[in-house]
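As a plain string of letters, each chain reads:
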Amino acid sequence: MTSAIGILGTGAYVPAREVGNDELAARIPDTTAEWILRKTAIRSRRYAAPDEAASDLAAGAAQAALADAGLTADRVDHIIVCTSTGDYPLPPTASVVQQLVGADSAACFDLNAVCAGFVYGLEVARGLITARPGAHVLLIGVDVYSRFLDFSDRRSAVLLGDGAGAVVLGAVTEGHGILGIDLSTRGDAQDLLRIPAGGSRSPASPESVAAGGHFLRMQGRAVREFVLENIPPSVDKLLADAGVSVEEIDCFVPHQANGVLIQELAARCGLAGTPLVQVVEQYGNIGSASVPIGLDHAVREGTVEPGGLVLLSAFGSGMSVGNGLLRWGGGPA
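Calculation rules
- Residues numbered from 1 in each chain as written.
- Predicted model: local features only at pLDDT ≥ 70, side-chain atom pairs only at ≥ 80, totals over all residues.
- Heavy atoms only, no water.
- Helix = DSSP H or I, 4+ residues; strand = E, 2+ residues; numbered from the N terminus.
- Rg over C-alpha atoms; globule rule 2.2 N^0.38 Å.
- Buried < 20%, exposed > 50% of the residue type's maximum accessible area, 1.4 Å probe, protein only.
- Contact = heavy atoms within 4.5 Å.
- Areas by Shrake-Rupley, 256 points an atom, 1.4 Å probe, with all protein chains shown as cover.
- Lys, Arg positive; Asp, Glu negative; His and termini not counted.
- Charge placed at Lys NZ, Arg CZ, Asp CG, Glu CD.
- Pairing = 2+ DSSP bridges.
- Axes fitted to C-alpha atoms, helices over the stretch in contact; angles between N-to-C directions.
- Expected span 1.5 Å × (residues − 1).
- Salt bridge = Lys/Arg side-chain N within 4 Å of Asp/Glu carboxyl O.
- Polar contact = N/O pair within 3.5 Å; in protein donor to acceptor, adjacent residues only side chain to side chain.
- 1 Å grid on protein atoms, 1.4 Å probe; cavity = no way out; pocket = protein on both sides within 12 Å on 5 of 7 lines; lining within 4 Å.
- Points joined across faces, edges and corners; volume = space filled by probe spheres on them.
- Nonpolar A, V, L, I, M, F, W, Y, C, P; charged D, E, K, R; others polar.

### As for the overall build of the chain
Counting its secondary structure elements, the chain contains 11 helices and 13 strands. Taken over the C-alpha trace, the chain has a radius of gyration of 19 Å; the compact-globule value for 333 residues is 20 Å, and the two agree within 12%. Reported as C-alpha extents along the three principal axes, the dimensions of the chain are approximately 55 × 45 × 35 Å. Taking all 333 residues of the chain together, the buried fraction comes to 56%. For the chain, the share of sequence-separated contacts (at least 6 apart) that also reach a separation of at least 24 residues comes to 77%. About 13400 Å² of surface is accessible on the chain, with carbon and sulfur atoms providing 50% of the total. The chain carries 23 positive and 36 negative side-chain charges, and their two centres are separated by 6 Å.

Structure (structure tokens):
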């Protein structure tokens, strides 16, 4: 049984429609393009076409990751789709993705830890491969937040966009792959970021729609405080458990929540001088897709090199925290 499990390939997919700050500012009361850029460091984001759903974006990223890994869809044993904006309440979006990519023998399920979902999914994938050596997991983060925005609320409407990122995981040579993952949840902070209607507590109804209950609601200042209070201790614990110093990190890939926030987070974690992957400027906050899209971008740009130590950091509604440490490369075992 191998103990080294890592990423064999990465991929990303974003919709064609690009929405710049000027267009968005014209739609949101009391907002300018300059204000959006100053507060968020975001210049544009992508919105899905009317006929595109989460599964379509996820399948595009999945196919790119499979091609990068040199694997055909019939080699996939599990598909995990991390999303809070799936195609339907049921079936799971992963089952739709299975059909789209032709991974007919894969067991499929969704995972919802919102924007922290991808790092949570890494830990689940690691467990699946540990239990079944030789297995391959297709792990996808995807969100389509443009369908859940209240454009009268600039705190959230300026931040969010749509996209998908994917990785293929399997056995890699010893010394590479996932070195550690630290997960935690603060249920006492669950009210900071939510979509209040559409579930079993408040099912869809004319009243819930009229009240805007299906839009995303966020307490922006409190979310920022949560992130800066909870992420650095988790990073410290992860690195201490792995026996790695913060100075050894070669690349930091955080959740792309807000460009100003992630710069501050890097400094709080002692990573101000570490290469920081920042795709939020062109894509905005794309939920559970942020980390895998950022990772794919870093691989394509050469920011992540074989043997390098990569720190992934994610946080999302719940409130959930997920940090992961990888030694990049190693190739299939």
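There is more to say after this.
### Some thoughts on the sheet that holds strand β5 (residues 107–111)
Reading across from one edge, β1-β7-β6-β4-β5 is the order of the five strands in this open sheet, with mixed pairing throughout. Two strands in the sheet have a free side with no partner beyond their single neighbour: β1 (5–13) and β5. Averaged over all pairs of adjacent strands, the angle between their axes in this sheet comes to 20°, without regard to strand direction. Across five bridges, the pairing between strand β4 (residues 78–82) and β5 is parallel. Opposite Ile79, over in β5, you have Cys108 as the bridge partner. Sheet contacts for helix α11 (residues 290–301): β1, β6 (137–144) and β7 (162–171); angle to β1, the most-contacted strand, approximately 95°.

### Some points on helix α5 (residues 117–131)
Its 15 residues give α5 an end-to-end C-alpha distance of 21 Å, which sits within 8% of 21 Å, the value for a rise of 1.5 Å per residue. Buried residues of α5: Gly117, Phe118, Val119, Tyr120, Gly121, Leu122, Ala125 and Ile129, and no others.

### Here we look at the side chain of Asp162
Position of Asp162 among the secondary structure elements: in strand β7. With no salt bridge to any partner, buried Asp162 finds its closest opposite charge in Arg147, at an N-O distance of 5.7 Å. Polar side-chain contacts of Asp162 include one of 2.6 Å to the side chain of Ser146. Residue contacts for Asp162: discarding those within four places in its chain leaves Val14, Pro15, Arg46, Tyr47, Ala48, Leu57, Asp143, Val144, Tyr145, Ser146 and Ile286.

### Notes on the sheet that holds strand β8 (residues 177–185)
Spatially, β8-β13-β12-β11 is the arrangement adopted by the four strands of the open sheet, whose pairing is mixed. With partners counted over all chains shown, the strands left at the sheet margins are β8 and β11 (251–254), one partner each. Strand-to-strand twist of the sheet, defined as the mean angle between neighbouring strand axes without regard to direction, takes the value 10°. Where strand β12 (residues 309–316) meets strand β13 (residues 320–327), eight bridges bridge the pair, whose relative direction is antiparallel. Bridge pairing links Val310 to Leu326 in β13. Sheet strands touched by α5: β8, β12 and β13. Its angle to β8, the strand with the most contacts, is close to 125°.

### Looking at empty space enclosed by the protein
Inspection of every chain in the model, using the stated rule, returns one cavity of 30 Å³ or more. Approximately 40 Å³ is the volume attributed to the largest cavity. Forming the boundary of the largest cavity are Gly6, Ile7, Gly177, Leu326, Arg327, Trp328 and Gly329. Among the elements of the structure, β1 and β13 are those that each provide at least two residues to the lining of the largest cavity. Of the residues assigned to the lining of the largest cavity, the class counts are three nonpolar, three polar and one charged.

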